[in-house]
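One-letter residues, chain by chain:
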Amino acid sequence: MISFDKIVNKLCKKEWKVLTIYEIWNILDPDFKKWNEKNISSVYKIIYRLKALNMIIPIKNSLYFINNRKSFRDIDIIDSFYWQILKKVIADNTWNDYFIWNLKAIELNLKDYSIPEEIIIYCRDFEKTISLTSKNKIIFKTLAWWKKNPKNSIYPKIKAFTKKTIIDKLSFVVANEELSLLDSLLIRNNMKKIDTYLIDKFLNKYQKFLSREIMWKLVSLKYITSINRLREISKANWNNILYWYCLDIIKNEWWNCFLTVLK
């Protein structure tokens, strides 16, 4: 174990970073090995001292903010470093096998990087809700199995329609334009209606660039009701090209569609 002064000096170089307890442990203990409890009592004593000095601030689930200049309060950290925190939480729980979707995905496609009260992360086999604050939640969910073949997960099929988005110099996997649109047109148990303002804003930007082929592939997996709602919206907005895309999918390929319901 290195001296306390050296620990402080090393942490000073990590100012304004979000670190897991294992990353801090690695700084404190040169012989660190994850899951090895050697020196664990000494490590927790040092972490307690660092917290008392306001050098590190606990966030949630063994995450810590390095507060070298003591310029941040607990309430400021989520607002200022939300995406860095989210990246750490995702990596710790999904090993980066995930994607962001639901309404935040459509907002991210609109370059809206505001901090959501809830963000839904879909992954292969992990379900949990993590509350960063009383208002900010990260919700991990899994996708349902195929109805036709319960041995095959729908997750990799849906994940094929994602892309990488850079936020605060960090890379996140997000539902692409077609997936985020069709998913936002679903009415779930906790929703009374779709967000027409957000959808209209999205269509004003992307309606000319949506792929009929990608939309069909998504409808064949899950989004029958979504494509019909999109047809109605396109007709009401006099968007003829998008309307005929939707109508063509419904008329010519509806017979091959089936519905897979999310958990």
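Everything numeric here is computed off the predicted structure, so don't read it as measured data.

What counts, and at which threshold
Residues numbered from 1 in each chain as written. Predicted model: local features only at pLDDT ≥ 70, side-chain atom pairs only at ≥ 80, totals over all residues. Heavy atoms only, no water. Helix = DSSP H or I, 4+ residues; strand = E, 2+ residues; numbered from the N terminus. Buried < 20%, exposed > 50% of the residue type's maximum accessible area, 1.4 Å probe, protein only. Areas by Shrake-Rupley, 256 points an atom, 1.4 Å probe, with all protein chains shown as cover. Lys, Arg positive; Asp, Glu negative; His and termini not counted. Salt bridge = Lys/Arg side-chain N within 4 Å of Asp/Glu carboxyl O. Contact = heavy atoms within 4.5 Å. Pairing = 2+ DSSP bridges. Axes fitted to C-alpha atoms, helices over the stretch in contact; angles between N-to-C directions. Parallel < 35°, antiparallel > 145°, perpendicular 65-115°, else oblique. Left-handed = near helix turned anticlockwise from the far one by under 90°. Nonpolar A, V, L, I, M, F, W, Y, C, P; charged D, E, K, R; others polar. Core = buried A, V, L, I, M, F, W, Y, C linked by side-chain atoms within 4.5 Å.

*Asks:* Hey, could you run me through the overall build of the protein chain in this one?
*Replies:* When helices and strands are tallied, the protein chain shows 11 helices and 9 strands. Within the protein chain, buried positions represent 49% of all 263 residues. Carbon together with sulfur atoms contributes 51% to the accessible area of the protein chain, which is approximately 14,700 Å² in total.

*Asks:* I tried to follow the side chain of Glu178 on my own but got confused; where do I start?
*Replies:* Note that Glu178 resides in helix α7 (residues 177-184). Despite being buried, Glu178 has no salt bridge partner; Lys163 is the closest side chain of opposite charge, sitting 8.0 Å away. Excluding residues that lie within four positions of it along the chain, Glu178 makes contacts with Phe209, Leu210, Ser211, Ile214, Met215 and Leu218.

*Asks:* I'm lost on unusual backbone geometry in this one. Help?
*Replies:* Note: most residues except glycine have negative phi, and most peptide bonds are trans. Although it is not a glycine, Lys169 adopts a positive phi angle of roughly 70°. Here Lys169 shows up in the loop between β8 (162-167) and β9 (170-175). For Lys169, a relative accessible area of 83% puts it in the exposed group. Even without being glycine, Trp238 reaches a positive phi, approximately 60°. Residue placement: Trp238 occurs in the loop between α10 (224-236) and α11 (240-253). On the basis of relative accessible area, Trp238 is assigned to the exposed category, the value being 72%.

*Asks:* So what exactly am I meant to see when it comes to the side chain of Asp183 here?
*Replies:* Among the structural elements, Asp183 can be located in helix α7. You can call Asp183 buried: its relative accessible area is 0%. If sequence neighbours within four positions are ignored, Asp183 has contacts with Trp101, Asn102, Arg188, Lys222 and Tyr223.

*Asks:* I tried to follow the sheet that holds strand β1 (residues 18-20) on my own but got confused; where do I start?
*Replies:* What links the strands of a sheet is backbone hydrogen bonding, and the strands pair in either a parallel or an antiparallel sense. Read across the sheet, 3 strands follow the order β1-β3-β2 without closing on themselves; strand pairing throughout is antiparallel. Since the sheet does not close on itself, it has two edges, and those belong to β1 and β2 (56-58), each with one partner. Strand-to-strand twist of the sheet, defined as the mean angle between neighbouring strand axes without regard to direction, takes the value 35°. Relative to strand β3 (residues 63-66), β1 runs antiparallel, the two being bridged by 3 bridges. When the sheet's bridge partners are listed, Thr20 is paired in β3 with Leu63. Lying on the sheet, helix α2 (residues 21-28) is in contact with β1, β2 and β3; it crosses β1 at an angle near 85°. Lying over the sheet, helix α3 (residues 40-52) contacts β2 and β3, oriented at roughly 100° with respect to β2.

*Asks:* Sorry, what's going on with the packing of helix α1 (residues 4-12) against α3 here?
*Replies:* Two numbers describe a pair of packed helices, the interaxial angle and the distance between the axes. At a closest axis distance of 12 Å, the pairing of α1 and α3 adopts a crossing angle of 60°. Here α1 is positioned oblique relative to α3, judged by the angle of their axes. Here the hand of the crossing between α1 and α3 comes out right-handed. On α3, the residues that touch Phe4, Ile7, Val8 and Leu11 of α1 are Ile46, Arg49 and Leu50. Split into classes, the residues belonging to the contact of α1 with α3 amount to 6 nonpolar, no polar and 1 charged.

*Asks:* When you look at the nonpolar core in this model, what are you seeing that I'm missing?
*Replies:* Nonpolar side chains tend toward joint burial in soluble globular proteins. By size, the foremost hydrophobic cluster in this structure holds 69 residues, and its most contacted members are Ile85, Trp101 and Leu230. When residues in this core are grouped by element, the largest group, 9 residues, is from helix α4 (residues 74-94). Each residue touching Ile85, except ones within four places of it in the same chain, is listed here: Val18, Ile59, Leu63, Ile77, Ile78 and Leu132. Grouped together as the second largest cluster of nonpolar side chains are 19 residues, Phe4, Ile24, Ile46 and Ile56 included.

Purely geometric stuff here, so don't read any function into it on its own.
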